[in-house]
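# Structure at a glance
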Amino acid sequence: MVEVRHSRLKVGPVTVFYREAGLEGRPVLLLLHGFANSSFYFRHLMPLLANRFHLIAPDIPSFGFTKVDGEGYRYTFAQLTETIQAFVDALGVRRFAMYVFDYGAPIGFNLAVADPGRITAIISQNGNAYEEGLGEGPWAPLRAYWKQPSVALRDKIKERMTFDGVRAAYFGGVPDVSRIEPEAYWLDAALLAQPDMMDLQADLKLDYKANIERYPLYQQYLRTHRPPLLAIWGKNDSFFIPPGAEAFKRDVPNAEVKFLDTGHFALETNVEGIASAILRMPA
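Below is a summary of the structure that appears in this document. (Residues numbered from 1 in each chain as written. Predicted model: local features only at pLDDT ≥ 70, side-chain atom pairs only at ≥ 80, totals over all residues. Heavy atoms only, no water.)

### Remarks on helix α9 (residues 208-225)
Put simply, the rule reads: Strands here are runs of E lasting at least two residues and helices are runs of H or I lasting at least four, both read from the DSSP assignment and numbered beginning at the N terminus. Under the convention used throughout, the expected extent of a helix is 1.5 Å for every residue step, that is, one less than its residue count. By definition, a residue's bend is the angle between the axes fitted to the seven residues ending there and the seven starting there. Buried residues are those whose accessible area, probed at 1.4 Å on protein chains only, stays under 20% of the maximum for their type, while exposed residues exceed 50% and partly exposed ones sit between those limits.
Taking 1.5 Å of rise per residue, the 18 residues of α9 would be expected to cover 26 Å, and the 25 Å separating its terminal C-alpha atoms lies within 8% of that figure. The sharpest bend along α9 reaches about 45° and sits at R214, with the proline P216 one to four residues further on. Within the sequence span of α9, burial applies to Y208, N211, I212, Y215, Y218, Q219, Y221 and L222. Trailing α9 by a residue or two, R226 shows a phi angle of about 45°, which is positive.

So this is what it looks like as structure tokens:
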């Protein structure tokens, strides 16, 4: 059995919890999770890839077991990117491939835009970089709030952070929900239920508008540098829909686009297929 190690690293005011597998000296694959989960999302993927990669999966600040000291930290995607950049630097990682999912996508693409030479390849699993990838229904409350903020709309946004909301996101679009381990959504919901966490997460969710405004920068990076890219997508995801995967081929014509018959949290049901697709990518 491949060993997955669990560590912490202090980066400024943030103590980053991260999972690690594989041997140093192998190509680094940075795994960036989404909302509302953590590096726990990669628990089954890491052992399957450890013979090829040195895998590093941090809990992004405000998720999982990463802790922020003090009250001055800004819960914005720009600040999260800055912390993950400092984390990678503190580990001495110069070049890396990245697996980006959901919230992890804008963070990863921010890293790529800032220093394109560091990125060796991209696996985007329901990790969006195009307006057409935004599902209409789930994004309607956010778009309405951006247009005219209100307490009622903010409360609607927070509904997804309840236990029922988190579980529904895991189950959505999944043909056989019995395959989903309940520990995954129970852990997410328990961490979201911490004092003040839902308000903090609502602020971060409302900041997603800044990512959409940066999509043209991400697309320019992709057009200019054309990294090896696998877009592997749960095709029944209502948050980030299939046109967002197909759009990558506009900017990276050689990108591989694959669709899986599952929902947003594709690793919960299709980990073997995703691992196989990653291992087939050029070394």
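### Thoughts on the packing of helix α5 (residues 151-158) against helix α8 (residues 197-206)
The following threshold applies: Axes, fitted as lines to C-alpha atoms, cover a helix only where it is in contact. Angles between the N-to-C directions of the axes lie from 0 to 180 degrees. In what follows, roughly perpendicular refers to angles from 65 to 115 degrees, roughly parallel to angles under 35, roughly antiparallel to angles over 145, and oblique to any angle outside these ranges. The contact rule is simple, with two residues in contact once any of their heavy atoms fall within 4.5 Å. Each residue is assigned to one of three groups, with Ala, Val, Leu, Ile, Met, Phe, Trp, Tyr, Cys and Pro labelled nonpolar, Asp, Glu, Lys and Arg labelled charged, and all others, Gly among them, labelled polar.
The contact between α5 and α8 brings their axes to 10 Å, and the two run at 105°. One finds that α5 runs roughly perpendicular with respect to α8. The segment α5 lies against α8, with R154, I157 and K158 engaging M198, D199, A202, D203, K205 and L206. Classifying every residue of the contact of α5 with α8 by side-chain character gives 4 nonpolar, no polar and 5 charged.

### Side note on the nonpolar core
Note the threshold: Buried Ala, Val, Leu, Ile, Met, Phe, Trp, Tyr and Cys residues form a nonpolar core when they are joined through side-chain atoms within 4.5 Å.
Core analysis: the biggest nonpolar cluster contains 98 residues, and L45 and Y99 have the highest contact counts within it. Contacts of L45, omitting those with residues within four sequence positions, involve L31, Y99, L267, V271, A275 and I278.

### Here's the deal with the side chain of T262
Our working definition: Polar contact is defined as a pair of N or O atoms within 3.5 Å, subject to the rule that within protein one atom must be able to donate a hydrogen and the other to accept it, and that residues adjacent in sequence are counted only when both atoms are side-chain atoms.
Assignment of secondary structure puts T262 in the loop between β9 (256-260) and α12 (267-279). Within the structure, the side chain of T262 is placed 2.6 Å from the side chain of T269, a separation counted as a polar contact. Leave out the neighbours within four places in its chain, and T262 touches G173, V174, P175, G234, K235, N236, D237, T269 and N270.

### Here we look at the packing of aromatic side chains
What counts here: Think of it this way: a Phe, Tyr or Trp ring, Trp meaning its six-membered ring, pairs with another when their centres are within 6.5 Å, and the plane angle makes it stacked under 30 degrees, edge-to-face over 60, tilted otherwise.
For the structure shown, the criterion picks out 27 aromatic pairs. A ring pair is formed by F77 and Y208, whose centres lie 5.6 Å apart and whose planes are at 85°; its orientation type is edge-to-face. Of this pair, F77 sits in helix α2 (residues 77-90) while Y208 sits in helix α9, and the two are 131 residues apart along the sequence. Judged by relative accessible area, F77 falls into the buried class, the value being 1%.

### Here's the deal with the pairing of strand β2 (residues 14-21)
Test applied: Only strands that DSSP links by at least two bridges are regarded as paired with each other.
The buried count for β2 comes to 8 of 8 residues, which makes it a mostly enclosed element. Every second residue of β2 is oriented toward a common face, with V14, V16, Y18 and E20 on one face and T15, F17, R19 and A21 on the other, all of them buried. One ladder, built from 7 bridges, connects strand β1 (residues 5-11) with β2; its direction is antiparallel. Bridge assignment links L9 to a residue of β2, and that residue is V16.

### A few points about α12
Given a rise of 1.5 Å per residue, 13 residues ought to cover 18 Å, yet the end C-alpha atoms of α12 are separated by just 15 Å, more than 12% below that figure. Here α12 has its buried residues at L267, E268, T269, N270, V271, I274, A275, A277 and I278.

### Section: unusual backbone geometry
That bond from F35 to A36 is cis: its omega, 5°, falls within 30 degrees of zero. Position of A36 among the secondary structure elements: in the loop between β3 (28-32) and α1 (45-49). For D102, which is not glycine, the phi torsion reads 55° and is therefore positive. Tracing the backbone through its elements, the reader meets D102 in the loop between β6 (96-100) and α3 (104-114). Positive phi outside glycine occurs at N126, with the angle close to 50°. Its location among the elements puts N126 in the loop between β7 (119-124) and α4 (136-147).

### Concerning the side chain of H33
Residue placement: H33 occurs in the loop between β3 and α1. Only 2.9 Å separates the side chain of H33 from the backbone nitrogen of I60, close enough to count as a polar contact. Leave out the neighbours within four places in its chain, and H33 touches S38, S39, F42, P58, D59, I60, F63, F101, Y103 and G104.

### Things to note about the environment of S124
Inspection of the secondary structure assignment puts S124 in strand β7. Measuring from C-alpha to C-alpha, the distance between S124 and D188 comes to 21 Å, with 64 residues separating the pair along the chain. Excluding residues within four positions of it along the chain, S124 makes contact with V100, L230, A231, I232, W233 and F248. Looking at S124, its side chain comes within polar contact range of the main-chain oxygen of G127, at 2.6 Å.

### Some details on the pattern of salt bridges
Note the following rule: Every case where a carboxyl oxygen of Asp or Glu lies within 4 Å of a side-chain nitrogen of Lys or Arg is listed as a salt bridge.
Summed over the entire model, instances satisfying the criterion amount to 14 salt bridges. Across the pair D199 and K158 runs a salt bridge whose closest N-O atoms are separated by 3.1 Å. With D199 in helix α8 and K158 in helix α5, this pair connects stretches of sequence that are 41 residues apart. You can call D199 partly exposed: its relative accessible area is 35%.

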